[in-house]
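Report on the structure
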Amino acid sequence: MRPMKRALALGVTGILLAACSHKDKDAPLAFVPADTPYVAANLDVLDDSTREALFAQANAQLPAQVAQMKAAADELKAKDPDAANLLRAFASEFDGKTIEQFAKNTGLDTKGYSAFYGLGLAPVARFQLSDPAAFDAFVGRLEAAYGKKLEVAKVGSTSYRRYVSKESGTELILAVVGKQAVAALLPADVSDHLLREALGLDRPAKSLQDDGRLATLAKAKGYGKQAVGLVDLTRLLPLIASGKDPLFMAMFKAHAETESAKTGEPVANQMQIPASCETDAGRIAARVPSLSFGYTRLDAKHQDMRMDLSLASDITQAFSGLKVALPGLGADGSAPFDVSFALPVTELRTFWSAQADAVAAKPFTCPALADLNDGFAKLGPSMQKAAIPPFGDLLGVRIALDSLDAGNGHGMPSFTGRIVVGTKNPTGLLAMGQMMTPALAQLKVSPDGTPVALPADMTRILSQPGWIAMGEKALALGIGTGEDAKLADTLKQPGGDAGQMMRLHLDGAMYQSWVKLMMDKADSLAAMSEAMAKAGGNDADAAAAASARQQAAARTHAQLSAMQAQAARVQSISSEAHVDGDGLVITSQTEWK
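Numbers given to residues run from 1 along each chain, matching the order in which its sequence is written. In keeping with the model being predicted, local features are shown solely for residues with a pLDDT of at least 70 and side-chain atom pairs are shown and tallied solely at 80 or more, while totals for entire chains, interfaces and linings include all residues. Note: side-chain values were computed over all heavy atoms of the structure, leaving out hydrogens and water.

1. A look at the nonpolar core
- By size, the foremost hydrophobic cluster in this structure holds 73 residues, and its most contacted members are L29, L186 and L214.
- The criterion used for residue contact is that any of the two residues' heavy atoms lie within 4.5 Å. Beyond its immediate chain neighbours, meaning those up to four positions away, L214 contacts L29, V39, A41, L43, L208, V228 and L230.
- Side-chain atoms within 4.5 Å are what join buried Ala, Val, Leu, Ile, Met, Phe, Trp, Tyr and Cys residues into a set we call a nonpolar core. Partly exposed describes any residue whose relative accessible area lies between the buried limit of under 20% and the exposed limit of over 50%, with all areas from a 1.4 Å probe on protein chains only and scaled to the type maximum. Among the nonpolar cores identified, the runner-up in size contains 20 residues, and A312, F319, L395 and W467 belong to it.

2. Remarks on the pairing of strand 2 (residues 114-119)
- Per the convention used, a helix needs a DSSP run of H or I reaching at least four residues, while a strand needs a run of E reaching at least two, with both numbered from the N terminus. With respect to burial, strand 2 is a largely interior element, six of its six residues being buried.
- Side chains of strand 2 alternate between two faces, with S114, F116 and G118 and A115, Y117 and L119 buried alike.
- With three bridges joining them, strand 1 (residues 38-41) and strand 2 adopt antiparallel strand pairing. Across the sheet, the residue bridging to A40 is F116, located in strand 2.
- Relative to strand 3 (residues 122-128), strand 2 runs antiparallel, the two being bridged by six bridges. Note that in strand 3 the partner of Y117 across the bridge is V124.
- Any two strands are treated as partners once DSSP identifies two or more bridges connecting them. Linkage of strand 2 to strand 3, two consecutive antiparallel strands, is achieved through a turn of two residues, within which G120 is found at a positive phi near 65 degrees.

3. Some details on the environment of K179
- Structurally, K179 can be placed in the loop between strand 6 (170-177) and strand 7 (180-187).
- Linking K179 and G583, residues 404 residues apart in sequence, is a C-alpha distance of 40 Å.
- Residues in contact with K179, not counting those within four places in the same chain, are F127, Q128, L129, S130 and P132.

4. Points about the pattern of salt bridges
- For this document, the term salt bridge refers to a Lys or Arg side-chain nitrogen within 4 Å of an Asp or Glu carboxyl oxygen. Inspection of the entire model under this criterion finds 29 salt bridges.
- For D26, the salt bridge is made with R203, and the minimal N-O distance between the two is 2.6 Å. In this pair, D26 sits in the loop between helix 1 (2-12) and strand 1 while R203 sits in the loop between helix 6 (192-199) and helix 7 (208-211), placing the two residues 177 residues apart along the sequence.
- A salt bridge links D74 to R88; the nearest nitrogen and oxygen atoms lie 3.1 Å apart. Taken together, the residues D74 in helix 2 (residues 48-76) and R88 in helix 3 (residues 81-92) connect sequence positions 14 residues apart.
- The class of D74 is partly exposed, set by a relative accessible area of 35%.
- According to the relative accessible area criterion, R88 is partly exposed, its value standing at 28%.
- What you see here is one network of salt bridges that share partners, running through D136, E143, K149 and R161.

Written out as structure tokens, the structure is:
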């Protein structure tokens, strides 16, 4: 069902073009149960300039989304040709069009209100329409491209179209109810109650609009009203694990029937879900209760976002006050590609050892989580080994690239820049390196940041000059002409603030270089597949396999081409992650040209 989910997910883009905060009794949020496990909605109408900026950004990303849907349809064709055809028909509605054209052609109100949410696990998308007749025409075009009429059904006086997938045990419904479009993925044997709730014929006892939780969340986290999302893992994970959710059980049963046809294992045997699974899922959810996200800035030149992952108090206490002395982690990146990761092994060992001990003392009893018990059983000894120097002294890693040459797919790419390894014992780390690499044994490196040239045996491998320098808490390598002059200042840059775990900076030109590198590698693989196809001669199986690889490579190339077009619009991308008293906070800032 992943392709169906992709199709619905693309529809969620419309949420970013609408809003839902007033007390209109028919606003989409009025149909969302207060206990929904997940929701994304707008809390205010976008102003014209923001809407135009969002259109421009969405249009740049649209070709890649279309390519992904087409690729998904190709992959799905052998297993479920009808679903593949429907997905391809949906993709055709976007192909060669802008988001504005799609919205007009489907009757979506870009100045209206929308929500994407779960009735249990069942996803529902609800959009206000400016032209209900246009939406009906859109569904008609889907049917024409699909080559079949969707089944028309009724609940009372409300009609809807449905596509049933026997392979997955689900049905996709499309309907116009009043001036709203509704799309939902439901069990194929959906109950009348769930169907009526999805269509909005029955309202929840208490809605998300009633309790105002999204507005409160947005204010607390600094999210703008353009789009706010929340995933309540304390509800979501137990629903998945308990076997009580209708959509999950329908999909589970369809899978069991397929397996039974292959293996003879009775469906009833496969459908047994112990009560302990719901308990264990709740235990996991208590560690990571929720995920939320929203824009913090959105205009023609900027797209800034924030994501919050709430964590149990013992996790936040372990890391929120930790200051990692990795040079550069506490400063904005200055190189075209500049990324710093905190890896405080001492603190990580303490934390993960405690987690391993907790699972050993109280193992998970759900059979589906047996691998977790095994994993934590192996984690304890691994953490003991991690104490051995020099790994046990690590603080983190920073990579700062000043240039990247993809090399047109021939040979290894070349780069210039610096690599910094933070450690409590840089002298010990250097000594270990000298033991493992005899060429380094003669180097005399002082802890004052003075660069020392790497021996010729090493620079010949790099095909360019290189240097090493040592600071109080780090070793640094400089590779490429002029990098020696940057090492001393690199080692003096500030370490991380309290709780800081990651920092990233990427400029537009470097982003394009990375995409070009991936494209060159994809083209190289395609050329190899073509050569293998020719070498296969009359071997039908080999030729078919090579042809499949060629088609996959072609789809990858199309997707990367779309990424390249998007990268050309990027001025810079920055991101930062830290742990505070509530959990993990990840922010990103994209500046457009």
